[in-house]
Amino acid sequence: MAQANPNISENRPVIRQLDDAAINRIAAGEVVERPASAVKELVENAIDAGATRIAIDIADGGKTLIRVTDDGCGISADDLPLALSRHATSKIDGSDLLNIHTFGFRGEALPSLGAVGRLTISSRVPGAEAAQIHVAGGKMGAVKPAALRAGTVVELRDLFFATPARLKFMRTDRAETQAITDTVKRLAMAEPSVTFTLRDVSGGGEGRVTFRADSENGDLFDALHGRLARVIGREFAENALQIDATREGIRLYGYAALPTYSRGAAVAQYLFVNGRPVRDKMLTGALRAAYFDFLSRDRHPAAALFIDCDPTLVDVNVHPAKSEVRFRDPGVARGLIVSSLRHALAEAGHRASSTVANATLGAMRPEPAQSAPARVYQMDRPLPAARQAAYRAQSPGFAELAQDYSGSIVEPTPVSPIAETEEPQPQDLPLGAVRGQVHENYIIAQTADGMVIVDQHAAHERLVYEKLKTQMAENGVAAQALLIPEIVELSEGDCARLMAVADNLTRFGLTIEPFGGGAIAVRETPAILGEVDARAMILDILDELADQGESQMVQAKIEAILSRVACHGSVRSGRRMRAEEMNALLREMEATPHSGQCNHGRPTYVELKLSDIERLFGRS
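Quantities reported herein were computed from a predicted structural model and do not represent experimental measurements.

Draft legend 1. Here's a closer look at the pairing of strand E23 (residues 519-526). With six of eight residues buried, E23 lies mostly within the body of the structure. Relative to E23, strand E21 (residues 479-489) is paired through seven bridges, and the arrangement is antiparallel. By the bridge assignment for E23, Gln480 is matched with Thr525. Looking at chain direction, strand E22 (residues 511-514) and E23 are connected through four bridges and run antiparallel. Residue pairing across strands places Glu513 opposite Ala521, the latter belonging to E23. Counting the residues in the hairpin turn of E22 and E23 gives four residues, including Gly516, whose phi is positive at 90°.

Draft legend 2. Local environment of the sheet that holds E21. On the basis of which strands lie adjacent, the open sheet formed by three strands has the order E21-E23-E22 and antiparallel pairing. Every interior strand has two partners, whereas the edge strands, E21 and E22, have only one. Strand-to-strand, the axes of this sheet are offset by a mean angle of 20°, without reference to chain direction.

Draft legend 3. Spatial organisation of the confidence of the model for the protein. Chain-level pLDDT for the protein is 81 on average; 79% of the residues reach the 70-or-more range. Confidence over residues 393-406 falls short of pLDDT 50; this stretch has ten contacts with residues more than four positions distant or in other chains.

Draft legend 4. Structural context of the packing of helix H14 (residues 456-475) against helix H19 (residues 579-591). One can describe the packing of H14 onto H19 by two numbers: an axis separation of 10 Å at closest approach and a directional angle of 50°. The orientation of H14 with respect to H19, classified from their angle, is oblique. Remark: the crossing between H14 and H19 carries left-handed chirality. Here Gln456, Ala459, His460, Leu463 and Lys467 of H14 lie close against H19, whose contacting residues are Leu585, Glu588 and Met589. Considering only residue class, the contact of H14 with H19 consists of four nonpolar, two polar and two charged.

Draft legend 5. Fine view of the sheet that holds strand E11 (residues 250-257). Spatial strand order, E10-E11-E14-E12-E13: five strands in an open sheet with mixed pairing. Edge strands, defined here as strands with exactly one partner in the open sheet, are strand E10 (240-247) and strand E13 (276-278). Averaged over all neighbouring strand pairs, the angle between strand axes comes to 20°, with direction disregarded. Looking at chain direction, E10 and E11 are connected through eight bridges and run antiparallel. Residue pairing for E11: Gln242 is matched across the bridge by Tyr255. Strands in contact with helix H6 (residues 173-190) are strand E12 (269-273), E13 and strand E14 (303-309); relative to E12, the strand with the most contacts, it is inclined by about 55°. Sitting on the sheet, helix H10 (residues 330-347) is in contact with E10, E11 and E14, with an inclination near 140° to E10.

Draft legend 6. Representation of the packing of helix H2 (residues 35-48) against helix H4 (residues 109-116). Axis separation between H2 and H4 bottoms out at 10 Å; the angle between their running directions is 140°. Taken together, the axes of H2 and H4 lie oblique to each other. The element H2 and its partner H4 pack so that their crossing is left-handed. Contacts from Ala38, Glu41, Leu42 and Asn45 in H2 reach Ala109, Leu110 and Leu113 in H4. Looking at side-chain class alone, the contact of H2 with H4 contains five nonpolar, one polar and one charged residues.

Draft legend 7. Seen up close, the environment of Ala496. With respect to the helices, strands and loops of the structure, Ala496 is situated in helix H15 (residues 492-499). By relative accessible area, Ala496 is classed as partly exposed at 48%.

Draft legend 8. Seen up close, the side chain of Gln597. Relative to the assigned elements, Gln597 resides in the loop between H19 and strand E24 (605-609). Of the polar contacts made by the side chain of Gln597, one reaches the backbone oxygen of His594; its length is 3.2 Å. Apart from residues lying up to four places away in sequence, Gln597 is in contact with Pro259, Thr260, Phe294, Arg462, Arg602, Pro603 and Thr604.

Draft legend 9. Region of interest: the nonpolar core. Residues Val43, Ile54, Ile56, Leu119, Phe196 and Phe236 are the most contacted members of the largest nonpolar core, which totals 60 residues. Look past the residues within four positions of Phe196 in its chain and what remains in contact with it is Val43, Ile47, Ile54, Val184, Leu187, Ala188, Glu191, Phe211, Arg212, Ala213 and Arg227.

Draft legend 10. Inspection of H2 at higher detail. For H2, built from 14 residues, the straight-helix expectation of 20 Å at 1.5 Å per residue is met to within 8% by its first-to-last C-alpha distance of 20 Å. Where burial is concerned, most of H2 is hidden: twelve out of the 14 residues are buried. Regarding H2, the residues found buried are Pro35, Ala36, Ser37, Ala38, Val39, Lys40, Glu41, Leu42, Val43, Glu44, Ala46 and Ile47. At the exit of H2 stands Gly50, carrying a positive phi of roughly 80°.

Draft legend 11. Up close: the pattern of salt bridges. Counting across every chain of the model gives 25 salt bridges. Here Glu176 and Arg34 are joined by a salt bridge, their closest N and O atoms 3.0 Å apart. With Glu176 in helix H6 and Arg34 in the loop between helix H1 (20-31) and H2, the pair connects residues that are 142 residues apart, well separated along the chain. Among the residues examined, Glu176 registers a relative accessible area of 1% and is labelled buried. For the salt bridge of Glu580 with Arg578, the shortest nitrogen-to-oxygen distance reads 2.9 Å. One connected set of salt bridges, linked through shared partners, spans Asp57, Arg67, Glu155, Arg157 and Arg199.

About the criteria used
- Residues numbered from 1 in each chain as written.
- Predicted model: local features only at pLDDT ≥ 70, side-chain atom pairs only at ≥ 80, totals over all residues.
- Heavy atoms only, no water.
- Buried < 20%, exposed > 50% of the residue type's maximum accessible area, 1.4 Å probe, protein only.
- Helix = DSSP H or I, 4+ residues; strand = E, 2+ residues; numbered from the N terminus.
- Pairing = 2+ DSSP bridges.
- Axes fitted to C-alpha atoms, helices over the stretch in contact; angles between N-to-C directions.
- pLDDT = per-residue confidence, 0-100.
- Contact = heavy atoms within 4.5 Å.
- Parallel < 35°, antiparallel > 145°, perpendicular 65-115°, else oblique.
- Left-handed = near helix turned anticlockwise from the far one by under 90°.
- Nonpolar A, V, L, I, M, F, W, Y, C, P; charged D, E, K, R; others polar.
- Polar contact = N/O pair within 3.5 Å; in protein donor to acceptor, adjacent residues only side chain to side chain.
- Core = buried A, V, L, I, M, F, W, Y, C linked by side-chain atoms within 4.5 Å.
- Expected span 1.5 Å × (residues − 1).
- Salt bridge = Lys/Arg side-chain N within 4 Å of Asp/Glu carboxyl O.

Pasting the structure below:
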């Protein structure tokens, strides 16, 4: 017996006009997904009001209380009821929905919050008395006098009390608090000149401050650098490269971390468009593409990037929460991100993350004694001449040891006073002068203020890899013509998507042509890949295009071959190198971009400062 279809009724359905309460609750379902969404809307309103200090108080993960206090321009008593009406806003006049310069513009947030919670707004404009209005479950009260010095206080209690079913989908208080913290941090990065304070007042009382970021001074980059150090962390700020580039009316600025400062997940990627935090697939894909050649697939770059452009070049009205945007010409924005980051990474040269040295020192640091405090020894550092005499006196003994142990000692080359003035001594160069080799794999070099330990195989592998890439860029990728072109049947949409990137594929030796209908003909494949399954490669490229909007699969396969060639053609671990060979390797590392990390994103060297080494031995 067939079951009745619940969507089919004998009675003809009647179209009804929903009342305002139902409309607002539906809108709240789109705009207010969780407490963090409510915090986002209220803090954005405060920023739009010109606030310089914003305080956010929450209780029980924002479920029972969200209070946002600001010192902005305020709302007049006459405008308070209108502020709680749908599609009422002071930010646009409705004539041009593309020329938007504020966070909010739809006029949906306050009425939506009032429809699902108990909302109270207290505000005061300069030269007038403060006023207050309350709305609960969509029922608005009268405007009343209030006690407030300036600005606005928006208090939301019992979120989703009017829609109890939504409460079942809330996560734990801790998870909701974490989501609110993340939201506030993203907004704080976008506004370095504003002071943000987040306080958890669960259980009553003054509560505890869980996040605070005071306003930053200085120019754009100084203020942004200080704010990022406070929000993301000091280590990120120390290992980030400044980005500033413009193309066709779009400006990109911010900071991107070195490849050796990478993360296990995409948790430290912050993207902003005209000051608005966004989670955009095209932009994150461009960020990943910029680091494509420097990180393995299980590592993710860290960056805080800001795109500024004319509002008419980007549509922010494509997502209910305004977390996604659509550029008029996405190719320009994507190309700007990729080229700017790669240029900055190339200019960084051999630089590696300082966190590598910190981790090394942490591994070497002895456990503190439980009883007596550590003794600090005060010792004078010997003069350079005394050090040279000690080296000469001790070198015979060291030379004998070198025959028995896995290590070699390189005697410093005496430098005449004339040569010393003409060119810098090797130890004054960034990677210093070689002093020895241990375990036939690690080069020890002395710098002006410390020492460097180099993984000879990883370093030389990167140098060979960069040379191979340069040769490929100059000479192109050789293609092998198929005796019989392989025909791949696709849908017309997939065929069009693939042909749109056909020129890019040809650059890497993969030549395709339309073959009628949805079919394509694969005529050439990259020679370096040998025999390939053309159909499988085409389908994989389509999957990447659908997921990321671009495909790097062919390039990835080619560069994987180059990486293997570089690995086999580089200095092997276990080879004892001569002093001039090791010094030549250091000089080449200094002159080669990206030599601070190997082909998999791991560091090729560790630098330890003399002051840190002395602390390890209890010196001051």
